[in-house]
Each structure stands twice: as structure tokens, then as C-alpha cells.
Amino acid sequence: MRTHTGEKPYSCQICEKSFITLQDRERHMRIHTGEKPYLCDVCGKSFSHLSSRNKHAKTHEVHTTENNIVVSDNNIDISYNNIDISYNNIDISDNNIDISDNNIHISDNNIHISDNNIDISDNNIDISDNNIDVSDNNIDISDNNIDISNNNIDISDNNIDISDNNIDVSDNNIDISDNNIDISDNNIDISDNNIENPEFEQVFIKEEDKTNISQVKTENAEIEVEEEDLVKKYWEEFTSDLP
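Given the structure is predicted, the values throughout are model-derived calculations rather than measurements.

**Q** Teacher, can you tell me more about the overall build of the protein chain here?
**A** When you go through the protein chain residue by residue, the secondary structure sums to five helices and 26 strands. Burial statistics for the protein chain: of 243 residues in total, 26% are counted as buried. Of the contacts made within the protein chain by residues no fewer than 6 positions apart, 85% connect residues no fewer than 24 positions apart. Surface exposure of the protein chain reaches about 15600 Å², of which carbon and sulfur atoms provide 47%.

**Q** Help me out: how do you make sense of the side chain of serine 48 in this one?
**A** Within the fold, serine 48 resides in the loop between strand 4 (46–47) and helix 3 (50–57). A polar contact of 3.3 Å, which involves the side chain of serine 48, links it to the backbone oxygen of glutamate 35. Ignoring anything within four residues of it in the chain, the contact list for serine 48 reads Arg30, Glu35, Lys36, Pro37 and Tyr38.

**Q** Even after reading the chapter, I still don't get the sheet that holds strand 16 (residues 138–142), so can you show me in this structure?
**A** Two modes of strand pairing occur in sheets, parallel and antiparallel, and in both the strands are linked by backbone hydrogen bonds. With respect to topology, five strands assemble into an open sheet ordered 8-12-16-20-24, the strand pairing being parallel. Of all strands in the sheet, those bounded by a partner on one side alone are strand 8 (82–86) and strand 24 (194–196). Shown here is a sheet whose adjacent strand axes are inclined to one another by a mean of 5 degrees, direction ignored. Bridge analysis of strand 16 against strand 20 (residues 166–168) gives three bridges, and the strand direction is parallel. Each bridged residue has a counterpart across the sheet, and for aspartate 140 the counterpart in strand 20 is aspartate 168.

**Q** Looking at this model, I keep getting lost on the pattern of salt bridges. Mind explaining?
**A** When the charged atoms of two side chains with opposite charge come close together, those side chains can pair. Scanning the model with the defined rule gives one salt bridge in all. Note that arginine 27 and aspartate 24 form a salt bridge whose closest N and O atoms lie 2.4 Å from each other. Taken together, the residues span about one helical turn, with arginine 27 and aspartate 24 both in helix 2 (residues 22–33) at a distance of three residues. Residue arginine 27 is classed as partly exposed on the basis of its relative accessible area of 30%.

**Q** What is the right way to look at a negative patch on the surface in this model?
**A** Taken together, Asp73, Asp101, Asp129, Asp157 and Asp185 make up a surface patch of like negative charges. Considering the arrangement of structural elements, one finds aspartate 129 in the loop between strand 14 (124–126) and strand 15 (131–135).

**Q** Mind showing me how you'd approach the environment of histidine 56 here?
**A** Tracing the sequence through the fold places histidine 56 in helix 3. On the basis of relative accessibility, which here comes to 16%, the residue histidine 56 falls in the buried class. Along the chain, histidine 56 and lysine 45 lie eleven residues apart, while their C-alpha atoms are 9.0 Å from each other. Beyond its immediate sequence surroundings of up to four residues, histidine 56 is in contact with Cys40, Cys43, Lys45 and Phe47.

**Q** Mind showing me how you'd approach the nonpolar core here?
**A** Taken as a class, soluble globular proteins show a tendency for nonpolar side chains to be buried jointly. Counting nine residues, the largest nonpolar core consists of Ile90, Ile111, Ile113, Ile118, Ile139, Ile146, Ile167, Val169 and Ile174. Those residues in contact with isoleucine 113 that lie beyond four places of it in its chain are Ile85, Ile118, Asp140, Ile141, Ser142 and Asn144.

About the criteria used
Residues numbered from 1 in each chain as written. Predicted model: local features only at pLDDT ≥ 70, side-chain atom pairs only at ≥ 80, totals over all residues. Heavy atoms only, no water. Helix = DSSP H or I, 4+ residues; strand = E, 2+ residues; numbered from the N terminus. Buried < 20%, exposed > 50% of the residue type's maximum accessible area, 1.4 Å probe, protein only. Contact = heavy atoms within 4.5 Å. Areas by Shrake-Rupley, 256 points an atom, 1.4 Å probe, with all protein chains shown as cover. Polar contact = N/O pair within 3.5 Å; in protein donor to acceptor, adjacent residues only side chain to side chain. Pairing = 2+ DSSP bridges. Axes fitted to C-alpha atoms, helices over the stretch in contact; angles between N-to-C directions. Salt bridge = Lys/Arg side-chain N within 4 Å of Asp/Glu carboxyl O. Patch = residues over 30% accessible without salt bridge, like charges linked within 9 Å, V, L, I, M, F, W, Y side chains within 5 Å. Lys, Arg positive; Asp, Glu negative; His and termini not counted. Charge placed at Lys NZ, Arg CZ, Asp CG, Glu CD. Core = buried A, V, L, I, M, F, W, Y, C linked by side-chain atoms within 4.5 Å.

Shown next as C-alpha cells:
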């Protein structure tokens, strides 16, 4: 009835502004007290009002769909950062993605990518003709649900240095089925890495994909791997467990 009568029995003791309900006055008092009781579960940022917290929470949801994305002819340096990508719903699907002819340097970072739901599917992805240096990083990619399926992926003609990293890729659920992948004509250096728990919790590879994997183009690839016999041993053990 107060909406109709205009009665506002609850007054602020600081500025004397009046309100219809006690709840409205309590929300108003936070302006004076600075109280922010609503915390973001992802980043810990606090808010005075629940609606503000809910609006902020949407900034942690990543949706990149039905786009043409071109990242080419750039010098990209991502170094000396603390990067935390966790507790997000990330959807990168149905895109045409061209990442080619770049000089990419990603080194000396602390990278934490965990507890995410990541969908990278149904994309046309061209990652070719790049100089890529991913070295001297601490990388934690764990406890994620990752769907990387039904993509056309061209990762060819790159100079790739992935060395001297500490990499944790444990406890992920990864679906890498139904992809067409071309990884030919690459110069790849993957030496001097410390890899923790390289065996994924679940890797889904469909029966028809086993043939595709054996037919992946690798001619002219120069792969420099220290302790080659040990790497070969781990690979044979991994592939022997495939369904």
C-alpha cells in the first residue's frame, strides 16, 4: 500500500533520505558505510548490491562464436605476466580463425588455466607460417573440461620453440575427436621441459579417428627432442592404452 500512499517510514540517520521498505534503507546505508557484502566467486571483487555482482559475473563468461578472426603480420610479446584463467565458461566455436605470419613470443610467464569449461569446436583454424617461442614459462592447465572437436586445423610451416617450461596438464577431461589436423612442415623444439602428469584423466578418441591420427602429415618435420629414447617409450605406453 505504501507504493500507492507514498508513505516512507524508514529514514536514513545520516542524510535523512526516506524509504518505503527497511530493505531499501539497508541497501542505501551501504553508500555511507562502504559495506560490500557480495563477492564475485571468480575474482573476489566485492559489491554493495547483488545485482551489481551478478552483472559483473557475466564478464567472466567468454563467448566467441560465428566470427571471422584474423591475427596476422604482428609481433606479439606476452612475457613476465601472471595469467590466471580459471572458473570460466569459455565458448570459442563456429569461427574462422586465421593466426598466421606472426612473430609470437610467450615467455617467462606464470600461467594458470584451471577449473574451466572450454568449448573450442566446429572452427576453421589456420595457425601457419609463424615464428612461435613458448619458453621459460610455468604453465598449469589442470582440472578443465575441454572440448576440442570437429575442427579443421592447419598448423603448418611454423618455427616453434617450446622449451624450458614447467608444465602441469593433469586432471583434464579432453575431447579431441573428429578433427582434421595438418601439422606438416614444422620445425619444433620441445626440449628441456618438466611435464607433470602427462597422462590426461580422460581423452576421448573415436574409433574412426585412430586411422586419421596415423595418417597425419608429418613429412619434412624436424623435431629436436632430448632423450629421444625416453620420449619414444612414453609415447608407446600412452598409445598402447588407447581403446
